[in-house]
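The lines below spell out each chain.
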Number of protein chains: 2
Amino acid sequence: MTNNNTISLAHGNGGRLMQELIQNVFAPAFGVKTLDTTKDAVALDLRGHAVISTDGFTVDPIFFPGGDIGKLAVCGTLNDLLVSGAIPAYLTVNFFIEEGYPISSLTSIATSMGQTARDNQVRIVAGDTKVLPRGNAAGIYIATTGIGVMQRADLSLQRIRTGDSVFISGTVGDHGTAVMLARQEFGLHGDLESDCSCVKPLVEKLLSIETLKFMRDPTRGGLAGVCHEIVNSTGLGVRLKENAIPVQDQVRTMCEILGYDPYQLACEGRVLFVCGPETDLAQLKQISEDICEIGVIEDRSSQVLLETSLGGQRIVPELEGEPLPRIC
Amino acid sequence: MTNNNTISLAHGNGGRLMQELIQNVFAPAFGVKTLDTTKDAVALDLRGHAVISTDGFTVDPIFFPGGDIGKLAVCGTLNDLLVSGAIPAYLTVNFFIEEGYPISSLTSIATSMGQTARDNQVRIVAGDTKVLPRGNAAGIYIATTGIGVMQRADLSLQRIRTGDSVFISGTVGDHGTAVMLARQEFGLHGDLESDCSCVKPLVEKLLSIETLKFMRDPTRGGLAGVCHEIVNSTGLGVRLKENAIPVQDQVRTMCEILGYDPYQLACEGRVLFVCGPETDLAQLKQISEDICEIGVIEDRSSQVLLETSLGGQRIVPELEGEPLPRIC
């Protein structure tokens, strides 16, 4: 049933094997010599107003071009704090692992998590592992909770007004497409990488833009989902320009073949943001060449409209039912 | 595959069904009119030094006499904060739910969580739900993260000295026994209830005891596990008195039949604590009649010894391998 290379139920029972897992896998992965397992709770050192965010993660396949579930679980929660205007400081991690899961894979996942946390000056301060009997899980599920310190409490959907500009920080649909290609379903293959990454370097610079009103990471539901959130919250409309929205060729091709809308596909390392009309575009381009102005906020249309490259316009629908490909 | 009474994959996809689940199940269960789902992160109002704790939960059966996985998931994390000397303030919740799980059961679980949080003046501020395809989970798994404010930062294993007294706040082994009886394995039945509860009312009073040095909730590994933790951390010994340790008749009987050690069975609503020798026993009894002085700290024996009711003594072993019954 078990051997030294796979997770056994005893790895979750608080005894010697769990200690070995913590000290031999998690401690080096998280970049510390040993993890103190004698404490039930950990003190935080927070200077400022604390902000919290939490998320659960399941992805198939667990490893995909550009990332894995561990990187996704750290970036996802850190990005939620960042787009809320907070700088992340601490992270807690919960693993639910199926009995028999390879310890080498777990080590890769934990190493991704530790690296991503360190790269973004975040400390993983607490965690727990539960092992599920074989057949009661599909590999590994992760839940992360992040604590940050608020830098810009003024960001909010409610501040969006007619005439504001809508920006995206890079190409859309890369994560959803990369995960689907990694499954090698429909006979499709490709070398596209997920955009899975922490948006801290970008957001730190955006926070200095005085005209910034709102940020969101377009994950589940994609670019279209965030635009509909703006419409639903404000009663205003969003007019997007197809020519201005960056979409990689592989994403566009896959969407054409399978009938997907690239604007509904998940991104995991992009920021959609809204700024007032007096924003200095040159200043934004200095922050990142990849930033594109993709649309404007309109008065009371209560719709997300797309000016197509052919000169027409169409309604951009909200994702209904399952995202295709299902990536969470 | 799915109907209106069970969880479908679409309940986890961020669309309409997930909104309905949040507003129709989680909002009333958590005792609020609506849950704001437009924010990726939530501001906390912390006055004092923040402390964090996190834990994952899986239990079979999901409902047991005296509780369910929801109550367990809230109490477990709140208790970890409390025995660390912190008063819990906020909680985040992650659900991993198998497709097809009854919404009525989820509602019961969420209601337990909301009730337990409210009873202990804790706000559930953030959460996430992931739905796992049928066969990729066994019902429901929950991860909780709690944030509290430190009241007694001086509590620590390192303050324990020879001559200190060891106390337990009530009968031991009730949770482990109740869960096992609920499985109706081995032809055993019983009406024993788990002690699953939040220890806040007790801990708030214990925090005023000046001679208090250390608290721990004896969950996985039981009373024996905490005593061995004391021995391993201090190099001192623990001498327990069998006659003084409260064990319910049903727990004792089941242990005798199946060969379990009641001191290794999990409690989920008890506190083991250590106080200096000058402690006023009458004051402790005023806090709770159920508090029992069960042993003393000895010099350098580096063992957990039990004075038996027959006048002999034996070594109390640490749990090796799987806890029996496996309750997590």
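Residues numbered from 1 in each chain as written. Chains lettered and ligands numbered in written order. Predicted model: local features only at pLDDT ≥ 70, side-chain atom pairs only at ≥ 80, totals over all residues. Heavy atoms only, no water.

1. Some details on the nonpolar core
Just so we agree on the cut-off: Take the buried Ala, Val, Leu, Ile, Met, Phe, Trp, Tyr and Cys residues and link them wherever side-chain atoms come within 4.5 Å; each set so joined is a nonpolar core. When a residue's accessible area, from a 1.4 Å probe over protein chains only, is under 20% of the maximum for its type it is buried; when over 50% it is exposed; and in between it is partly exposed. For the purposes of this entry, the term helix denotes a DSSP run of H or I that reaches at least four residues, the term strand denotes a run of E that reaches at least two, and both are numbered from the N terminus. Domain borders in the structure are assigned automatically or taken from a domain database.
Residues A:Leu106, A:Ile140, A:Leu206, A:Met215 and A:Phe273 are the most contacted members of the largest nonpolar core, which totals 57 residues. A per-element tally of this core places helix H2 (residues 69–83) of chain A first, with 8 residues. When residues of this core are sorted by domain, at least three fall in each of domain 1 (9–150) and domain 2 (157–315) of chain A. Of all hydrophobic cores here, the second largest spans 56 residues; its members include B:Leu82, B:Ala117, B:Val179 and B:Val271.

2. Describing the interface of chain B and chain A
The condition is simple: Residue contacts are counted whenever heavy atoms from the two residues lie within 4.5 Å of one another. Values labelled buried area give the accessible surface lost by two parts on being combined, using a 1.4 Å probe and summing over both. For this analysis, a salt bridge means a side-chain nitrogen from Lys or Arg found within 4 Å of a carboxyl oxygen belonging to Asp or Glu. Two N or O atoms form a polar contact when they lie within 3.5 Å of each other; inside protein one atom must be a possible hydrogen donor and the other a possible acceptor, and for residues adjacent in sequence the pair counts only when both atoms belong to side chains. Following the grouping adopted for this structure description, the nonpolar residues are Ala, Val, Leu, Ile, Met, Phe, Trp, Tyr, Cys and Pro, the charged ones are Asp, Glu, Lys and Arg, and the polar ones are all others, Gly among them.
Taken together, the contact between chain B and chain A spans 61 residues of the former and 61 residues of the latter. Taken together, both faces of the contact between chain B and chain A bury some 4400 Å²; the carbon and sulfur share is 55%. Looking only at chain B, the three residues that lose the most surface to chain A are B:Asp40, B:Ile52 and B:Arg220, adding up to 16% of its buried area. Here chain B and chain A share 4 salt bridges between them. For the salt bridge of B:Asp55 with A:Lys130, the shortest nitrogen-to-oxygen distance reads 3.4 Å. Our count for the chain B to chain A interface comes out at 23 residue pairs in polar contact (both at pLDDT 80 or more). Elements that contribute at least two residues to the side of chain B that touches chain A include exactly strand E1 (42–43), strand E2 (50–57), helix H2 (69–83), strand E5 (86–98), strand E6 (123–132), strand E7 (140–150) and helix H6 (222–234) of chain B. The residue makeup of the side of chain B that touches chain A, split by class, is 30 nonpolar, 19 polar and 12 charged.

3. Considering the pairing of strand E8 (residues 165–168) of chain A
All names here are of chain A. As a reminder of what qualifies: When DSSP finds two or more bridges between two strands, those strands count as paired.
Here E8 shows two buried faces, one formed by Ser165 and Phe167 and the other by Val166 and Ile168. Bridge count between E8 and strand E11 (residues 272–275): 4 bridges; the pairing is antiparallel. Residue pairing for E11: Phe167 is matched across the bridge by Phe273. Note: E8 against strand E12 (residues 292–298), 4 bridges, orientation antiparallel.

4. Structural notes on the sheet that holds strand E2 (residues 50–57) of chain A
Strand order in the open sheet formed by 5 strands is E6(A)-E5(A)-E7(A)-E2(A)-E1(B), and the pairing between neighbours is mixed. Strand pairing shows two members of the sheet lacking a second neighbour, strand E6 (123–132) of chain A together with E1 of chain B, which therefore form its edges.

5. Quick word on the packing of aromatic side chains
Let me state the cut-off plainly: Paired rings are identified among Phe, Tyr and Trp, the last through its six-membered ring, by centres lying within 6.5 Å, and are further divided according to the angle between planes into stacked (under 30 degrees), edge-to-face (over 60) and tilted (the rest).
Within this structure, the stated rule accounts for 9 aromatic pairs over all chains. With a centroid separation of 5.8 Å and an interplanar angle of 25 degrees, the aromatic rings of A:Phe26 and A:Phe30 are classed as stacked. Note on accessibility: A:Phe26 and A:Phe30 belong to one class, buried. With centroids separated by 5.7 Å and ring planes inclined at 15 degrees, the aromatic side chains of A:Phe96 and B:Tyr141 adopt a geometry described as stacked. Note that A:Phe96 is positioned in strand E5 (residues 86–98) and B:Tyr141 in strand E7, a pairing that runs across two chains. The exposure class assigned to A:Phe96 is buried, which follows from its relative accessible area of 0%. Aromatic ring contacts, followed pair by pair, group A:Phe96, A:Tyr141, B:Phe96 and B:Tyr141 into a single cluster.

6. Quick notes on the domain arrangement of chain A
Residue and element names in this part refer to chain A. Assigned domains of chain A: these are domain 1 (9–150) and domain 2 (157–315). For domain 1 and domain 2, the distance between their C-alpha centroids amounts to 28 Å. Listed by partner, the interface residues are 19 residues for domain 1 and 23 residues for domain 2. Counting each side, the surface lost to burial between domain 1 and domain 2 is near 1800 Å², with a carbon and sulfur contribution of 66%. Applying the counting rule to domain 1 against domain 2 returns 0 salt bridges. Between the two partners, domain 1 and domain 2, sit 7 residue pairs in polar contact (both at pLDDT 80 or more). The element best represented in the side of domain 1 that touches domain 2 is H2, accounting for 9 residues. When the residues that make up the side of domain 1 that touches domain 2 are grouped by side-chain class, the tally is 10 nonpolar, 6 polar and 3 charged.

7. Examining helix H6 (residues 222–234) of chain A
Residue and element names in this part refer to chain A. For clarity, the threshold we go by: Expected helix span is computed as 1.5 Å times (number of residues minus one).
Taking 1.5 Å per residue as the helical rise, H6 with its 13 residues ought to reach 18 Å, and the 19 Å between its terminal C-alpha atoms agrees with that figure. Most of H6 sits inside the fold, with 10 of its 13 residues counted as buried. Taken together, the buried positions of H6 are occupied by Gly222, Leu223, Ala224, Gly225, Val226, Cys227, His228, Glu229, Ile230 and Val231. In this fold, the buried residues of H6 make contact with strand E9 (212–216), strand E10 (237–241), E11, E12 and strand E13 (304–307).

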